[in-house]
Amino acid sequence: MKLFPIRGGIHPDYRKEQTSEKAIVVLPLPSALYIPLQQHIGAPAEVLVNEGDLVKKGQMIACSGGAVSAPQHAPTSGRIQAITEIPAPHPSGLAQTTIILEPDVKDEWTDLPEPIADPLNANPQLIRERVAASGIVGMGGAAFPSAVKLDLGTRCKLEILLLNGAECEPYLTCDDRVMREHADEVIDGARIMAHALGVPRVVIAIENNKPQAIDAMTRAASAFPEIEVAGVPVQYPMGSERHLVQAISGRETPAKKLTADIGVVVHNVATARAVHQAVRFGRPLVARVVTVSGGAVREPNNIEAPVGARVADLIAFCGGFAAIPERLVNGGPMMGQPLPGLDVPVVKGMSGILALTAAEINQQPASACIRCGNCVTICPCGLVPVEMAAFIRKDNFEVAARLGVMDCVSCGSCSWICPSHIPLVHYFNYAKGMINAQERERRKIDQTRILAEAHTLRVEKAAADKAAALAAKKAQAAAAAAAKEKEKDETPA
Amino acid sequence: MTFLAINQSGPFAHQASSVQKTMFTVLLALIPATAFDLYLFGWPAILLFTVTVGSCVAAEAICLALAGQPMKAALFDYSAALTGWLLAMSLPPWAPWWTGVLGAVFAIGLAKHTFGGIGQNMFNPAMVARVALLVSFPVVMTAWVMPHPLFSAHAPSLADAIGITFGGHMPDAVSAASALGYVKTELSRGIPVMQSMAHVPDLMDLALGTRAGSLGETSAVLILAGGLFLMARRIISWHIPLGVMGALFLMGTLFHAIDPARYTDGLFHLMSGATFLGAFFICTDYVTSPVSRKGQLVFGVGCGLLTWTIRTYAGYPEGMAFAVLLMNSLTPIIDQYTRPRAFGRTLKGEPLPLAKEKT
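Parameters and conventions
- Residues numbered from 1 in each chain as written.
- Chains lettered and ligands numbered in written order.
- Predicted model: local features only at pLDDT ≥ 70, side-chain atom pairs only at ≥ 80, totals over all residues.
- Helix = DSSP H or I, 4+ residues; strand = E, 2+ residues; numbered from the N terminus.
- Rg over C-alpha atoms; globule rule 2.2 N^0.38 Å.
- Contact = placed C-beta atoms within 7 Å.
- Buried ≥ 20, exposed ≤ 12 C-beta atoms within 10 Å, placed from the backbone.
- Expected span 1.5 Å × (residues − 1).
- Bend = angle between axes of the 7 residues up to and from the residue.
- Core = buried A, V, L, I, M, F, W, Y, C linked by C-beta atoms within 7 Å.
- Domains from an automatic or database assignment.
- Pairing = 2+ DSSP bridges.
- Arc of directions from axis to C-beta.
- Nonpolar A, V, L, I, M, F, W, Y, C, P; charged D, E, K, R; others polar.
- pLDDT = per-residue confidence, 0-100.
- Axes fitted to C-alpha atoms, helices over the stretch in contact; angles between N-to-C directions.
- Left-handed = near helix turned anticlockwise from the far one by under 90°.
- Parallel < 35°, antiparallel > 145°, perpendicular 65-115°, else oblique.

Caption draft 1: Summary view of the overall build of chain A. Within chain A, the secondary structure is distributed over 14 helices and 17 strands. Relative to its length of 493 residues, chain A is extended, with a C-alpha radius of gyration of 29 Å against a globular reference of 23 Å. Seen along its three principal axes, the alpha-carbon backbone of chain A occupies a region of about 120 × 65 × 50 Å. A fraction of 73% describes how many contacts in chain A between residues 6 or more apart in sequence connect residues 24 or more apart.

Here you go:
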């Protein structure tokens, strides 16, 4: 298959060998599961159960809260212990509403919806509804509700479903293992998704550092001529949606557009497997494979964990810490988010839990920029990090925005390569937050202005109406008086 | 159990790189050429080199102390040593000690720290110092000598060397013109290039360095090796060196073809003077050159063109230092006009148009 080059990129230490040969193991049921209502982009789910309710595995316990949202299901059977606020797996550590489920250890399935018979000939709408009802979100990390993305075929003319198995983040091997161990399920899910989208062609992109996964997927796809498995160069951030689309199709997604606008929809391989299970077996998304790795973890592993298991449970299953971690990360080391602690739950978008030592992170105090230009050379988005950072340091967001800071995907390549150890991504995230806040503020002011102007108009109109009415009345009175006068005149004396 | 401070965005991985390592690699790349040249020019060169590098480090320390900046990190990033090293390589090897000290004041004090220290300077510190010295002390700064290799019969002893470097006892008989200087002087006397070229060292001597000139002007081959090493280590890219040498070579060749009596040829331009040192080590200075590859190519070509112009038409036989400083002043503007195209946008920054619907 012909591939196309992408700009820049880096070659970090991948350190995938810590877990790449570890087969997926199922986490023993923890004593409690913590299921947050917000595990996805969009509106939080709405609670359907009450404290004390008994639920079965797979039962919907919170329903979709809007057009872009996803329901939550009980990951096992048990009793709803509480619905309360606990810290979210988010850097802020802010509390969010969470359903606490006490497992009864029977792990009993509820009456699941019937499998969709012959999904490859079913009405696409049926598949989308099933995916939505199964609470499936993008499992690569972004956690965008998948059903919404499967609907893109109705809006755009699509040509390719691109299955993202690049897994370009260091350490992570969960997608690698899923592809190696469940290749048939991934392929089946991909075919169902392609049907739902109405695309004729599926490409599965896997970085060349995963030869076994490429083999397994190629074998599983061999019966289906519409599916192509492509080994892509090992080049971080190959797994970035827009860059992968460019590498596969040569098409560059215009700024402010979606890849769907140029005919390509991207889904993660683990998402495809979840779709397979939802459509073929009626099983909602209640568990996922998580890579637990990093130098501070005693026995790194790939763990299939129920949604809601605490990070502490997974770490304990891996033998605890061998060293004091400098940092806990949700996701990969490049784009992952720092975790506020061990008590937060596993959520649908959590691909990895990394406990990293200081040596692995290699963070040094920042020194002055020497303008080496490495950040410019490697930026996959064609930006000039050195210049943007200089303006952001001065809080000059207007120029930073003009230089394209909002186009930055926060891939972290510039921070990684900077010899002065300047936390460039930190600057950019700060600027993005500030620019968004300013934008919101501006919109609010605009809104207020529009309302105020409308109010003034209304008041003026009312006054004018009143004046007009008064004038009309006066005129009428005058006319009446005149008529009377005339009448009087005409009356013969 | 919240035990970790969440105070920074990712990434939580970093390449094993630092400013110190980068600078050290450049020093490493300079070692072969420097060692050979110090051998060629003997004890006086070694003394001057030591004084110059030492003065630069001392000047850096003093400036840091005056500015109240943390001493340790900045002093041990090797940047001051590198500046001193490059300055020493651009001085006449037997020049008196005070050229090194004064050069350090110009380079570190004036060109670097008045602008705010490392990363802030507009102009290449070593070249500011060289030009300031050349303009102020033209005689001293053009007193070239032929090589007197260490341990050879005519080599000055350590005692002689102390006399030369610190006592100002420059022996009269040893001075010689550099190849570029000789051709220029002859040309001004009306002797055509073809004739004067017969008396300059041949290309082989120029390449090996057995000729008069500053440390960095001799042994082009070893400088080239160092430059290639830097490229292999990805400290520099090919854009600036190729730009400089390409422009110089093309201009030389072209004009030599037009009028061989007036213009020296391209190969001579490449092999003589500080072309290699300039192309690989001076023009590529991170701080004062553009950040984008495109900009670096423009910058390199500019340096090459200006060097050729100054060598050919101006009063000075060697133009590299002037060319670099002139181009340094253009760096911000080059940066502004050579930004890469952002992903999904046109060069002007507008979103790319969607491909036309097929009809």
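Caption draft 2: Up close: the overall build of chain B. What chain B contains, in helices and strands, is 15 helices and zero strands. Over its C-alpha trace chain B gives a radius of gyration of 23 Å, about what one expects of a compact globule, namely 21 Å for 359 residues. By its C-alpha atoms, chain B is 75 × 60 × 30 Å across when sized along the principal axes. When the 359 residues of chain B are sorted by exposure, 53% land in the buried category. Taking all contacts inside chain B whose residues are at least 6 apart in sequence as the whole, residues at least 24 apart take part in 73%.

Caption draft 3: Geometry of helix α1 (residues 19-67) of chain B. Residues and elements named next belong to chain B. The terminal C-alpha atoms of α1 lie 21 Å apart, and with 49 residues this falls more than 12% below the ideal 72 Å at 1.5 Å per residue. Gly 42 marks the point of greatest bend in α1, at about 130°, and the proline Pro 44 comes within the next four residues. Gly 68, located one to two residues past α1, shows a positive phi value of around 70°.

Caption draft 4: Fine view of the nonpolar core. By size, the foremost hydrophobic cluster in this structure holds 251 residues, and its most contacted members are Leu161(A), Leu162(A), Ala190(A), Ile204(A), Met217(A) and Leu314(A). Per-element tally for this core: the top contributor is α1(B), with 20 residues. Composition of this core by domain shows at least three residues from each of domain 1 (16-29 + 118-305) and domain 2 (365-493) of chain A. Once residues within four sequence positions are removed from consideration, Leu162(A) is found in contact with Val203(A), Ala205(A), Leu244(A), Val245(A), Ile248(A), Val264(A), Val265(A) and Val266(A).

Caption draft 5: Region of interest: the sheet that holds strand β4 (residues 54-55) of chain A. Residue and element names in this part refer to chain A. Reading across from one edge, β2-β8-β7-β4 is the order of the four strands in this open sheet, with antiparallel pairing throughout. Because the sheet does not close on itself, it has two edges, and the strands there are β2 (33-36) and β4. As paired strands, β4 and strand β7 (residues 78-87) are joined by two bridges and run antiparallel to one another. When the bridges of β7 are listed, Val 55 appears paired with Gly 78.

Caption draft 6: Region of interest: helix α5 (residues 211-221) of chain A. When α5(A) is considered as a whole, its buried residues turn out to be Ala213(A), Ile214(A), Ala216(A), Met217(A), Ala220(A) and Ala221(A). Here the buried residues of α5(A) occupy an arc of 165° about the axis, which is enough to place them on one side.

Caption draft 7: Broad picture of the sheet that holds strand β5 (residues 60-63) of chain A. All names here are of chain A. Taken together, three strands build an open sheet; the order of strands is β3-β5-β6 and the sheet is antiparallel. At either margin of the open sheet sits one strand with a lone partner, and together these are β3 (46-47) and β6 (72-73). As defined by bridge partners, β3 adjoins β5 across two bridges and the pair is classed as antiparallel. Following the sheet pairing, Val 47 is matched in β5 by Ala 62.

Caption draft 8: Quick look at the environment of Asn268(A). Residues and elements named next belong to chain A. With respect to the helices and strands, the residue Asn 268 is situated in strand β12 (residues 264-268). Taking the C-beta count within 10 Å as the criterion, Asn 268 has 27 such neighbours and is therefore assigned buried. Taking the C-alpha atoms as reference points, Asn 268 and Met 334, separated by 66 residues in sequence, lie 18 Å from one another. Not counting the four nearest positions on each side in its chain, Asn 268 is found in contact with Gly 138, Met 139, Gly 140 and Asn 164.

Caption draft 9: Quick look at the domain arrangement of chain A. Residues and elements named next belong to chain A. Segmentation of chain A into domains returns domain 1 (16-29 + 118-305) and domain 2 (365-493). Counting residues at the interface gives five residues for domain 1 and five residues for domain 2. Looking at side-chain class alone, the side of domain 1 that touches domain 2 contains three nonpolar, two polar and no charged residues.

Caption draft 10: Structural detail: the confidence of the model for chain B. Residues at a pLDDT of 70 or more form 95% of chain B, whose mean pLDDT is 88. Model confidence for chain B, summarised as mean pLDDT per element, is weakest for helix α9 (residues 203-208) of chain B at 70 and strongest for helix α15 (residues 320-337) of chain B at 96.

Caption draft 11: Seen up close, the packing of α1(B) against helix α4 (residues 97-112) of chain B. Residues and elements named next belong to chain B. Close contact between α1 and α4 brings their axes to 8 Å; oriented N to C, the two are set at 35°. Read as a crossing pair, α1 and α4 show a hand that is right-handed. Across from Leu 48, Val 51, Thr 52, Ser 55, Cys 56, Ala 59, Glu 60 and Cys 63 in α1, the residues of α4 making contact are Trp 97, Gly 100, Val 101, Gly 103, Ala 104, Val 105, Ala 107, Ile 108 and Gly 109. Split into classes, the residues belonging to the contact of α1 with α4 amount to 11 nonpolar, five polar and one charged.

Caption draft 12: Seen up close, the pairing of β7(A). Looking at chain direction, β7(A) and strand β8 (residues 95-103) of chain A are connected through nine bridges and run antiparallel. Residue pairing in the sheet places Arg79(A) in a bridge with Glu102(A) of β8(A).

Caption draft 13: Representation of the environment of Gly66(A) in the model. Residue and element names in this part refer to chain A. With respect to the helices and strands, the residue Gly 66 is situated in the loop between β5 and β6. Distance from Gly 66 to Val 25, taken between C-alpha atoms, is 35 Å for residues 41 residues apart in sequence. Not counting residues within four places of it along the chain, the set of residues in contact with Gly 66 comprises Gly 42 and Ala 43.

Caption draft 14: Highlighting unusual backbone geometry. The amide bond that connects Tyr236(A) to the next residue, Pro237(A), takes the cis arrangement and shows omega of 0°. With respect to the secondary-structure elements, Pro237(A) resides in the loop between β11 (227-232) and α6 (241-249). Each neighbour pair has its own omega, and for Gly10(B) with Pro11(B) the value is -5°, a cis peptide bond. Tracing the sequence through the fold places Pro11(B) in the segment before α1. Despite not being glycine, Ala143(A) has its phi angle at roughly 60°, a positive value. Looking at where Ala143(A) falls in the secondary structure, it is placed in the loop between α1 (124-133) and α2 (146-150). Unusually for a residue other than glycine, Ser410(A) sits at a positive phi of about 60°. Following the sequence through the fold, Ser410(A) ends up in the loop between α12 (397-402) and α13 (413-417).

Caption draft 15: Region of interest: the environment of Cys381(A). Turning to its location among the elements, Cys381(A) is positioned in the loop between α10 (374-378) and α11 (385-393). As a C-alpha pair, Cys381(A) and Ala221(A) span 160 residues in sequence and 32 Å in three-dimensional space. Contacts of Cys381(A), omitting those with residues within four sequence positions, involve Asp407(A), Cys408(A), Val409(A), Ala342(B) and Phe343(B).

Caption draft 16: Layout of the packing of α4(B) against helix α5 (residues 125-136) of chain B. Residues and elements named next belong to chain B. The N-to-C vectors of α4 and α5 enclose an angle of 130°; their axes lie 8 Å apart at closest approach. Taken together, the axis directions place α4 and α5 in an arrangement best described as oblique. Seen along the crossing, α4 lies across α5 with a hand that is right-handed. Here α4 contributes Thr 99, Leu 102, Gly 103, Phe 106, Ala 107, Ile 108, Leu 110, Ala 111 and Lys 112 to the contact with α5, which in turn contributes Pro 125, Ala 126, Val 128, Ala 129, Ala 132 and Leu 133. For the contact of α4 with α5, the per-class residue count stands at 12 nonpolar, two polar and one charged.

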